[in-house]
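Descriptive structure summary
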Amino acid sequence: VKGEDVTESGFDFKPTEDVSNVEIELTNQPTTLTGAVTDNKGQPSRDYVVVVFSQDRERWTPTTRMINVSRPDQEGRFRIRVPGGNYYGAALDYLEPGEQFDPEFLNRLRDSAVTFVLNSGETKTMDLRVIEHP
């Protein structure tokens, strides 16, 4: 709206306001991270949770699309969709409900996480190793 990205924050249109300077972007090419996870012995793991979160601390909020979690599918692989951007990713043996939105937890987790970039519309495969819950 008026040159500002309001995807995360939202925007209120007032009844008498001119709304002519709004750009809406849609895509049928989602940005996706996929992969498998191994345990500390290098063996495939099927009991884990992957946390992906933005490298931008301002995006560590409960309403963001820049934080997502995934558990393994029937084949032991994970799939996460997030918008394009710079991310941290980590596989953990457990995650408390809602913990992925706790800035203190994310701050501790980022020291052990892998950094990566996902471009808009890109599908990237990245294998991870389970790390100790921080």
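Look a little higher up for the structure.
Anyway, here's the lowdown on the structure attached to this text. (Residues numbered from 1 in each chain as written. Predicted model: local features only at pLDDT ≥ 70, side-chain atom pairs only at ≥ 80, totals over all residues. Heavy atoms only, no water.)

**Comments concerning the environment of phenylalanine 78**
Within the secondary structure, phenylalanine 78 is located in strand β4 (residues 77–81). Phenylalanine 78 gets classed as buried once you look at its relative accessible area, which sits at 2%. Once the C-alpha coordinates of phenylalanine 78 and threonine 16 are considered, the two residues, 62 residues apart in sequence, prove to be 47 Å apart. Filtering out sequence-adjacent residues up to four positions away, phenylalanine 78 remains in contact with Leu33, Thr34, Gly35, Ala36, Val37, Tyr48, Val50, Ser70, Arg71, Met126 and Leu128. (Helix = DSSP H or I, 4+ residues; strand = E, 2+ residues; numbered from the N terminus. Buried < 20%, exposed > 50% of the residue type's maximum accessible area, 1.4 Å probe, protein only. Contact = heavy atoms within 4.5 Å.)

**Focus: a nonpolar patch on the surface**
The grouping of Phe11, Phe13, Val19, Val22, Ile24 and Leu26 at the surface amounts to a nonpolar patch, some 610 Å² of accessible area in total. Relative to the helices and strands, phenylalanine 11 is located in the segment before β1 (32–38). (Patch = residues over 30% accessible without salt bridge, like charges linked within 9 Å, V, L, I, M, F, W, Y side chains within 5 Å. Areas by Shrake-Rupley, 256 points an atom, 1.4 Å probe, with all protein chains shown as cover. Salt bridge = Lys/Arg side-chain N within 4 Å of Asp/Glu carboxyl O.)

**Topic: the packing of aromatic side chains**
Counted according to the given criterion, the structure contains 4 aromatic pairs. Aromatic side chains tyrosine 87 and phenylalanine 116 sit 5.9 Å apart centroid to centroid with 20° between the ring planes, which places their arrangement in the stacked category. Here tyrosine 87, found in strand β5 (residues 85–92), pairs with phenylalanine 116, found in strand β6 (residues 114–118); they are 29 residues apart in sequence, far enough to count as distant. Judged by relative accessible area, tyrosine 87 falls into the buried class, the value being 0%. By way of ring pairs, the aromatic residues Phe53, Trp60 and Tyr88 are connected into one cluster. (Phe/Tyr/Trp six-rings, centres within 6.5 Å; stacked < 30°, edge-to-face > 60°.)

**Comments concerning the environment of aspartate 127**
Secondary-structure assignment places aspartate 127 in the loop between β7 (123–125) and β8 (128–131). By relative accessible area, aspartate 127 is classed as exposed at 55%. It is 9.1 Å that separates the C-alpha atoms of aspartate 127 and arginine 77, two residues lying 50 residues apart in sequence. Excluding its chain neighbours within four sequence positions, the residues that come into contact with aspartate 127 are Gly35, Ala36 and Arg77.

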